[in-house]
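# Summary of the model geometry
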Amino acid sequence: FIRTSGQQLLAGRTVLVSAGGTREAIDPVRYIGNRSSGKMGYALARAARALGAQVTLVTTAPLPDPSGIATVRVESAAQMQQEMTDRFATSDITLMAAAVADFAPAEVAKHKIKKQPDTTGLDLQLQKTPDILASLGKRKRSDQFLLGFAAETDDLLKNASAKLAAKGADMFAANDVSNPAIGFGSDNNRVTLLTKDEDPLQLETASKDDLALNILKQIAIKLRDN
Ligand code: CTP
Ligand code: CA
């Protein structure tokens, strides 16, 4: 699709993408993670490059570095926050496709946690992680575009519009993860794009690559019209 897309709709633009699920360390060998594969974020990064943008990908996913894209490896929400914040001011378009853990262990054990024969359980104290998207939303200038993702199992559009408003994003891509044929780990996806001023736009179910191209075209149109 890279060859046939033709138009360089994002030539001269810088695009920053986050991808994958964060890993929050419990001790040197264990972490709390989630089921995000990172595929949607990688597809967005490749599509942005195909449309002519200069792309940076901040990722936790165990996938190879995509060619022609500056790739930054991170693990935790805190590390992702740092790398995204450092690059945000110079990005025209920022796409927050990562599945950021909402909670992380309050303290990381320095040594591997061991059990004894009489151990019956383990209490882990978790604390809220920084909301990366919301903090970027607060810094956003009017010439910048910020996209968030909402994966929901219930009340998709209602929950996603609440997040759009609360986090200061320009657009949210909402997807229904109660359907296993689309979403996490799958190669296909279906999203509805939500913005402040326009009606929800449901994009066709498609491969993550085609969907990414479609999402970026919608963003390019919005940027052009502004
Ligand atoms: N997000 C983020 N930092 C967090 C949590 C979420 O940047 N600590 C971003 C995600 O990358 C996504 C958007 O916020 O683009 C929405 O994430 P989601 O998990 O759907 O929303 P939450 O605000 O975390 O609410 P909840 O999980 O309770 O539905
Ligand atoms: Ca969350």
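Quick caveat: nothing in here was measured; it's all calculated off a predicted structure. (Residues numbered from 1 in each chain as written. Chains lettered and ligands numbered in written order. Predicted model: local features only at pLDDT ≥ 70, side-chain atom pairs only at ≥ 80, totals over all residues. Heavy atoms only, no water.)

### What about the UniProt feature "binding site: CTP" (unreviewed entry) in the protein?
As a reminder, the rule being used: UniProt positions are given in the numbering used here, feature names are shortened, and annotations may be inferred rather than shown by experiment. The distinction between a cavity and a pocket rests on a 1 Å grid over the protein atoms alone: a 1.4 Å probe fits inside a cavity but cannot get out, while a pocket stays open yet meets protein on both sides within 12 Å along at least five of seven lines, and a residue with an atom within 4 Å of a point counts as lining. Comment: elements are numbered from the N terminus, with helices defined as DSSP H or I runs of at least four residues and strands as E runs of at least two.
The sites that carry the UniProt feature "binding site: CTP" (unreviewed entry) are, in the present numbering, Asp102, Lys112, Pro130, Asp131, Ile132, Leu133, Phe149, Lys163 and Lys167. With a sequence span of 66 residues, these residues are also far apart in the fold, their greatest C-alpha distance being 37.4 Å. In the annotated group above, the largest pocket draws its lining from Asp102, Pro130, Asp131, Ile132, Leu133, Phe149, Lys163 and Lys167. With respect to the element layout, Lys112 can be found in the loop between strand E7 (103–105) and strand E8 (126–128).

### A look at the coordination of the calcium ion (ligand 2)
As a reminder, the rule being used: Here a donor is any nitrogen, oxygen or sulfur atom (N, O, S) within 2.8 Å of the metal, with 3.2 Å used for Na, K and Ca; water is not among the atoms considered, so some sites may look incomplete.
Distances from the calcium ion (ligand 2) to its protein donors, namely Asp102 (OD) and Asp102 (OD), fall within the range 2.4 to 2.6 Å. Topologically, Asp102 is positioned in the loop between strand E6 (93–96) and E7.

### Some thoughts on the pattern of salt bridges
As a reminder of what qualifies: Think of a salt bridge as a Lys or Arg side-chain nitrogen and an Asp or Glu carboxyl oxygen that are within 4 Å of each other.
Overall, the coordinates contain nine salt bridges when judged by the stated rule. Lys140 is paired through a salt bridge with Asp170; the nearest N and O atoms lie 3.0 Å apart. With Lys140 in the loop between helix H3 (132–139) and strand E9 (145–152) and Asp170 in the loop between helix H4 (156–167) and strand E10 (171–176), this pair connects stretches of sequence that are 30 residues apart. One salt bridge in this structure joins Arg141 and Asp143, with 2.9 Å as the shortest N-O distance.

### Comments concerning the environment of Asp187
Which entries qualify depends on this criterion: Contacts are residue-level and defined by heavy atoms, with any inter-residue pair within 4.5 Å sufficient.
Mapped onto the fold, Asp187 is located in the loop between E10 and strand E11 (188–189). Distance in space between the C-alpha atoms of Asp187 and Ala134 is 28 Å, their sequence separation being 53 residues. Setting aside chain neighbours within four positions, we find Asp187 in contact with Lys39, Ala206, Ser207 and Lys208.

### What about the site of ligand 1?
Formally: Any residue with a non-hydrogen atom lying within 4 Å of a molecule or strand is treated as near it. For the purposes of these results, a polar contact is taken to be a pair of N or O atoms within 3.5 Å, where, inside protein, one atom must be able to donate a hydrogen and its partner to accept one; residues adjacent in sequence count only when each atom of the pair is a side-chain atom. Pocket occupancy is defined atom-wise: a molecule lies in a cavity or pocket when more than half of its atoms are within 2 Å of its grid points. Gly falls in the polar group here, along with every residue not listed as nonpolar (Ala, Val, Leu, Ile, Met, Phe, Trp, Tyr, Cys, Pro) or charged (Asp, Glu, Lys, Arg).
The immediate surroundings of ligand 1 are formed by 17 residues, with Ala98, Pro130, Leu133, Lys163 and Lys167 found nearest. Residue Thr129 places a side-chain N or O atom 3.2 Å away from a nitrogen atom belonging to ligand 1. Ile132 places a polar main-chain atom, nitrogen or oxygen, 3.0 Å from a nitrogen atom of ligand 1. The cavity that encloses ligand 1 is the largest pocket. Elements with a minimum of two residues in the shell around ligand 1: H3, E9 and H4. The element contributing the most residues to the shell around ligand 1 is E9, with four residues. For the shell around ligand 1, the per-class residue count stands at 11 nonpolar, two polar and four charged.

### Here we look at the layout of surface pockets
We count it as follows: Grid points are joined across faces, edges and corners, and a volume is the space filled by probe spheres set on the points.
For the largest pocket, the calculated volume is near 930 Å³. Broken down by secondary-structure element, the contributors of at least two residues to the lining of the largest pocket are helix H1 (39–50), H3, E9, H4 and E10. When residues in the lining of the largest pocket are grouped by element, the largest group, four residues, is from E9. By volume, the second largest pocket amounts to about 540 Å³. Taken together, 24 residues form the lining of the second largest pocket, with Phe145, Asp170, Thr195, Glu198 and Lys222 sitting closest to its centre. Contributions of two or more residues to the lining of the second largest pocket are made by H4, strand E12 (192–195) and helix H5 (208–225).

### Quick word on the packing of helix H2 (residues 77–88) against H3
Quick reminder of the rule: An axis is simply a line fitted to the C-alpha atoms; with a helix, the fit covers only the stretch in contact. Between two such axes, the angle follows the N-to-C directions and lies from 0 to 180 degrees. Oblique is the label for any angle not under 35 degrees, not over 145, and not in the 65 to 115 range, which are roughly parallel, roughly antiparallel and roughly perpendicular in turn. If you view the pair so one helix is near and one far, a crossing is left-handed when the near helix is turned anticlockwise from the far one by less than a right angle, and right-handed when it is turned clockwise.
At their nearest, the axes of H2 and H3 sit 10 Å apart, and the two run at 20 degrees to each other. What the angle tells us is that H2 and H3 run roughly parallel. When the axes of H2 and H3 are compared, the crossing they make is right-handed. For the pair H2 and H3, the contacting residues are Ala77, Met80, Gln81, Met84, Thr85 and Phe88 in the first and Ile132, Ser135, Leu136 and Arg139 in the second. The class makeup of the residues in the contact of H2 with H3 is six nonpolar, three polar and one charged.

### As for the nonpolar core
Convention followed: As used here, the term nonpolar core means buried Ala, Val, Leu, Ile, Met, Phe, Trp, Tyr and Cys residues forming a set that is joined through side-chain atoms within 4.5 Å. Relative accessibility decides the category of a residue: with a 1.4 Å probe and only protein chains considered, values under 20% of the type maximum give buried, values over 50% give exposed, and everything between is partly exposed.
Within the largest apolar cluster, 37 residues are counted, with the highest numbers of intra-cluster contacts made by Leu44, Ile215 and Ile219. Tallying contributions element by element places H5 first for this core, with eight residues. Membership of the second largest hydrophobic core comes to 20 residues, among which are Met80, Leu136, Ala160 and Leu194.

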